[in-house]
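Summary of the model geometry
Listed below are the residues making up each chain.
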Amino acid sequence: MIQLAKEELAENQEAGKQIGKNLRQLRTSKGISIEALAKQIGVSKLTLLKIEQGEGNPTLSVIWKIANGLHIPITALLSFEADVAIARANKAMKLSSSDDEFIAEPLFRSQGLMECYRGYLRPQCRYESEAHRLGVVETVTVMAGQLTIEVEGESHHLSTYDSIRFKGDRPHAYINPGKETAVLHFLISYSLL
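- Looking at an unreviewed UniProt entry, one finds the protein named Transcriptional regulator, with Shouchella clausii as its source organism.

Right, here's the structure in full:
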């Protein structure tokens, strides 16, 4: 049990270093200073510096802000590309909300136009997502449990194997009204704007 915790910690540290390396490369290739990016996305310069140095463990919200500010998919920060890729259960990088009630595991991306995630939302919890960049479309399938998704104040209830597609460039929230963790698959599509 302790060994597993050490392995997970080492994997998270490696992931943090990779995110930092990719962030620095992407930011500088776009000619954006760390100060300008911090101001643009509403994240402190110190937080961005720690992330770039591989010392930070950014929350899902911060990762989304960075990706939206740089106009890139989240997976561009994570850099995992291969001709054949397998996403094993419980082996993927975990991005969590600040309260750990929502966890997203990035699985795959395709030519920067699409990303695939596995998500977990604890029972009786709500995760508020900021609007993503213009043109983003989300498709969510409930693999276990139940889910209510609010998009611009309108609620949509989903049961196991139900799917929904909506414009992710609007404020939206995920609510688990059930007594078991909701397991979700997300497909995030980016337009060519």
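So that's the structure; there's more coming.
**Focus: the overall build of the protein**
- Within the protein, the regular secondary structure consists of 5 helices and 10 strands.
- Considering only contacts in the protein between residues 6 or more positions apart, those separated by 24 or more positions represent 65%.
- Carbon and sulfur atoms make up 52% of the accessible area of the protein, which totals about 10,700 Å².

**Here we look at the packing of helix α2 (residues 34-41) against helix α4 (residues 60-70)**
- Their axes nearest at 10 Å, the elements α2 and α4 cross at an angle of 110 degrees. The angle between α2 and α4 falls in the class roughly perpendicular. In the packing of α2 onto α4, the handedness of the crossing is right-handed. Residues L37, Q40 and I41 of α2 pack against K65, I66, G69 and L70 of α4.
- Of the residues contributing to the contact of α2 with α4, the split by class is 4 nonpolar, 2 polar and 1 charged.

**Some remarks on the side chain of T141**
- By the secondary structure assignment, T141 is in strand β5 (residues 137-144).
- In this structure the side chain of T141 is engaged in a polar contact, spanning 2.6 Å, whose partner is the side chain of S163.
- The residues contacting T141, other than those within four sequence positions of it, are Y161, D162, S163, V183, L184 and H185.

**Structural notes on helix α3 (residues 45-52)**
- Of all the positions in α3, only L48, I51 and E52 are classed as buried. Projection of α3 onto a plane perpendicular to its axis shows the buried side chains occupying an angular sector of 95 degrees, all on one side.
- Positioned one or two residues after α3, G54 has a phi angle of 75 degrees, which is positive.

**Comments concerning the pairing of strand β4 (residues 125-129)**
- Of the two faces of β4, only the one carrying C125, Y127 and S129 is buried; R126 and E128 on the other face are not.
- One ladder, built from 5 bridges, connects β4 with strand β9 (residues 172-176); its direction is antiparallel. Looking at β9, one finds that C125 is bridged to N176.

**Looking at the pattern of salt bridges**
- As enumerated under the stated definition, the model contains 9 salt bridges in all.
- Of the charged contacts, one joins K65 and E130 as a salt bridge, the two residues approaching to 3.7 Å between their closest N and O atoms. Of the two residues, K65 sits in helix α4 while E130 sits in the loop between β4 and β5, which places them 65 residues apart along the sequence.
- With a relative accessible area of 23%, K65 lands in the partly exposed category.
- Taken together, the shared-partner salt bridges connect R24, R27 and E52 into one network.

**Overview of α4**
- Most of α4 is tucked away, with 9 of its 11 residues classed as buried.
- For α4, every residue scored as buried is listed here: L60, V62, I63, W64, I66, A67, N68, G69 and L70.
- H71 lies just past α4 and shows a positive phi near 60 degrees.

**What to know about the environment of L134**
- With respect to the secondary-structure elements, L134 resides in the loop between β4 and β5.
- According to the relative accessible area criterion, L134 is exposed, its value standing at 62%.
- As a C-alpha pair, L134 and H71 span 63 residues in sequence and 9.7 Å in three-dimensional space.

Calculation rules
Residues numbered from 1 in each chain as written. Predicted model: local features only at pLDDT ≥ 70, side-chain atom pairs only at ≥ 80, totals over all residues. Heavy atoms only, no water. Helix = DSSP H or I, 4+ residues; strand = E, 2+ residues; numbered from the N terminus. Contact = heavy atoms within 4.5 Å. Areas by Shrake-Rupley, 256 points an atom, 1.4 Å probe, with all protein chains shown as cover. Axes fitted to C-alpha atoms, helices over the stretch in contact; angles between N-to-C directions. Parallel < 35°, antiparallel > 145°, perpendicular 65-115°, else oblique. Left-handed = near helix turned anticlockwise from the far one by under 90°. Nonpolar A, V, L, I, M, F, W, Y, C, P; charged D, E, K, R; others polar. Polar contact = N/O pair within 3.5 Å; in protein donor to acceptor, adjacent residues only side chain to side chain. Buried < 20%, exposed > 50% of the residue type's maximum accessible area, 1.4 Å probe, protein only. Arc of directions from axis to C-beta. Pairing = 2+ DSSP bridges. Salt bridge = Lys/Arg side-chain N within 4 Å of Asp/Glu carboxyl O.

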